[in-house]
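Fold and contact review
Here is what each chain is made of, one letter per residue.
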Amino acid sequence: MIEAQQLTKRYGETTAVDRLDFTVKPGTVTGFLGPNGAGKSTTMRMIIGLDSPSAGTVTVNGRRYREHTAPLQEVGALLEAKTIHPGRSAFDHLMAQAYTHGIPRRRVDEVIEMTGIQSVARKRAGAFSLGMGQRLGIAAALLGDPATVMLDEPVNGLDPEGVLWIRNLLIGLAAEGRTVFVSSHLMTEMALVADHLIVVGRGRLLADTTVEELVRQTDGSAVTVATADPARLREILVGPGIEITGQTGSEELQVTGLTTRAIGLKAAEAGIALFELTAKRVSLEEAFMELTKDSVEYHGTTEITRSAA
Ligand SMILES: Nc1ncnc2c1ncn2[C@@H]1O[C@H](COP(=O)(O)OP(=O)(O)OP(=O)(O)O)[C@@H](O)[C@H]1O
């Protein structure tokens, strides 16, 4: 369990993390989302004591990271910064960590196998591909068999097979009752693995909710409805706050401001037969864009193409 209370980090004029309150619970995968520069890495660094909060607190399993006698056994973390000696083999790197933390060699062999790096374990880590480096970082994070696992952008550099592997690993770790906290910019991946989401923008908490709920909140704007007499349907639906568009000659109308239920009832009252009545379901990516649109620091100049739901 990770608990942040009014967690704040200031770097001079910049407030990287601004009074964050959240709880990451065991037994589920919690996604940590936010645009570039939102404060995710800074928050993660504070969780494992690599940075100190300017105000507020963050604890893992009820204690600050530094207060744990065996921190590797409490929380295993993969942060973006590479801390592996390039001349050392993956095996030696893991053994060195195991030795200094009282972890048996058996566990080193286990994590090497779990992360699929057996064939390269004796090679210099400096020669590793990005994907192999990520796997080694994850092996190190799992070394202490921790109750809490925290991974910053774990999918970075992984090929499709690696992405699938991470997905199953995260789901499996949560199913074992562990607390799994993972940041990613890949919304499709997040939609597949995360049960819960914490979304930040400019250091502030924007949402602490389920994937389902976030999508639902953004949902409901557009409804597609088709009928033989769109002009008449338009007449009975029109009202304040309701927008109806449709192409001339088409049976289809796009309605915003009314639910599918309300449209269905009004059409039935007027005796209009409907051929289609569909609420457009937004993707997690669209919900995320909508939620964070005022918090994005770095805007590109190309128009964003919204993916079909
Ligand atoms: N050591 C530092 N000194 C000064 N400013 C910093 C430092 N670390 C982070 N920042 C600033 O704090 C803010 C949050 O950065 P952070 O790296 O935590 O965001 P992020 O959400 O992880 O971004 P990304 O998705 O790009 O990795 C940014 O404005 C960043 O420039």
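Residues numbered from 1 in each chain as written. Predicted model: local features only at pLDDT ≥ 70, side-chain atom pairs only at ≥ 80, totals over all residues.

Okay, the domain arrangement of the protein chain next. Domain assignment breaks the protein chain into domain 1 (2-210) and domain 2 (220-280). The centre of domain 1, based on its C-alpha atoms, is set 47 Å off from the matching centre of domain 2. (Domains from an automatic or database assignment.)

Quick look at the sheet that holds strand 9 (residues 204-210) now. On the basis of which strands lie adjacent, the open sheet formed by six strands has the order 5-6-7-3-8-9 and mixed pairing. The open sheet terminates on both sides in strands that have one partner only, identified here as strand 5 (75-78) and strand 9. Each strand of the sheet is rotated relative to its neighbour by a mean of 15°, with strand direction disregarded. Pairing of strand 6 (residues 148-152) with strand 7 (residues 179-183) involves five bridges; the strand directions are parallel. Bridging across to strand 7, Leu-151 finds its partner in Val-182. Strands strand 3 (29-33), strand 6, strand 7 and strand 8 (196-201) of the sheet are contacted by helix 1 (residues 40-47), whose axis makes an angle of about 145° with strand 6. (Pairing = 2+ DSSP bridges. Helix = DSSP H or I, 4+ residues; strand = E, 2+ residues; numbered from the N terminus. Axes fitted to C-alpha atoms, helices over the stretch in contact; angles between N-to-C directions. Contact = placed C-beta atoms within 7 Å.)

Let us now look at helix 5 (residues 130-142). The terminal C-alpha atoms of helix 5 lie 19 Å apart, and with 13 residues this matches the ideal 18 Å at 1.5 Å per residue to within 8%. When we look at burial in helix 5, the residues that qualify are Met-132, Gln-134, Arg-135, Leu-136, Gly-137, Ile-138, Ala-139, Ala-140, Ala-141 and Leu-142. Buried residues belonging to helix 5 abut strand 5, helix 3 (90-100), helix 4 (105-114) and strand 6. (Expected span 1.5 Å × (residues − 1). Buried ≥ 20, exposed ≤ 12 C-beta atoms within 10 Å, placed from the backbone.)

Note on sheets: strands pair through backbone hydrogen bonds, and any given pair is parallel or antiparallel. Taken in spatial order, the three strands of this open sheet run 2-1-4, and their pairing is antiparallel. Two strands bound the open sheet, and with one partner strand each, they are strand 2 (14-24) and strand 4 (55-60). Ignoring strand direction, the axes of neighbouring strands in this sheet form an average angle of 20°. When strand 1 (residues 2-11) meets strand 2, the two strands line up antiparallel, connected through seven bridges.

What follows is about the site of the ligand. Lining the immediate environment of the ligand, one finds Tyr-11, Thr-14, Ala-16, Gly-34, Asn-36, Gly-37, Ala-38, Gly-39, Lys-40, Ser-41 and Thr-42. Where the shell around the ligand is concerned, the elements lending two or more residues are strand 2 and helix 1. For the shell around the ligand, the leading source of residues is helix 1, giving three residues. Classifying every residue of the shell around the ligand by side-chain character gives three nonpolar, seven polar and one charged. (Near = placed C-beta within 6 Å. Nonpolar A, V, L, I, M, F, W, Y, C, P; charged D, E, K, R; others polar.)

It is worth spelling out the pairing of strand 10 (residues 222-227) at this point. Inspection of the sheet shows strand 10 paired to strand 12 (residues 252-256) by five bridges, in the antiparallel sense. The residue bridging Val-225 from the neighbouring strand is Leu-253, located in strand 12. As paired elements, strand 10 and strand 13 (residues 274-279) share five bridges and run antiparallel to each other. Its bridge partner lying in strand 13, Ala-226 is registered against Glu-276.

On to unusual backbone geometry, then. The phi dihedral of Asp-145 is positive, around 50°, even though this residue is not glycine. Within the fold, Asp-145 resides in the loop between helix 5 and strand 6.

Okay, the packing of helix 3 against helix 4 next. Packed helix pairs are characterised by how far apart their axes lie and by the angle those axes make with each other. One can describe the packing of helix 3 onto helix 4 by two numbers: an axis separation of 9 Å at closest approach and a directional angle of 140°. Considering the angle they form, helix 3 stands oblique to helix 4. Seen along the crossing, helix 3 lies across helix 4 with a hand that is right-handed. Of the residues in helix 4, those touching helix 3 at Phe-91, Leu-94, Met-95 and Ala-98 are Arg-105, Arg-107, Val-108, Val-111 and Ile-112. Of the residues assigned to the contact of helix 3 with helix 4, the class counts are seven nonpolar, no polar and two charged. (Parallel < 35°, antiparallel > 145°, perpendicular 65-115°, else oblique. Left-handed = near helix turned anticlockwise from the far one by under 90°.)

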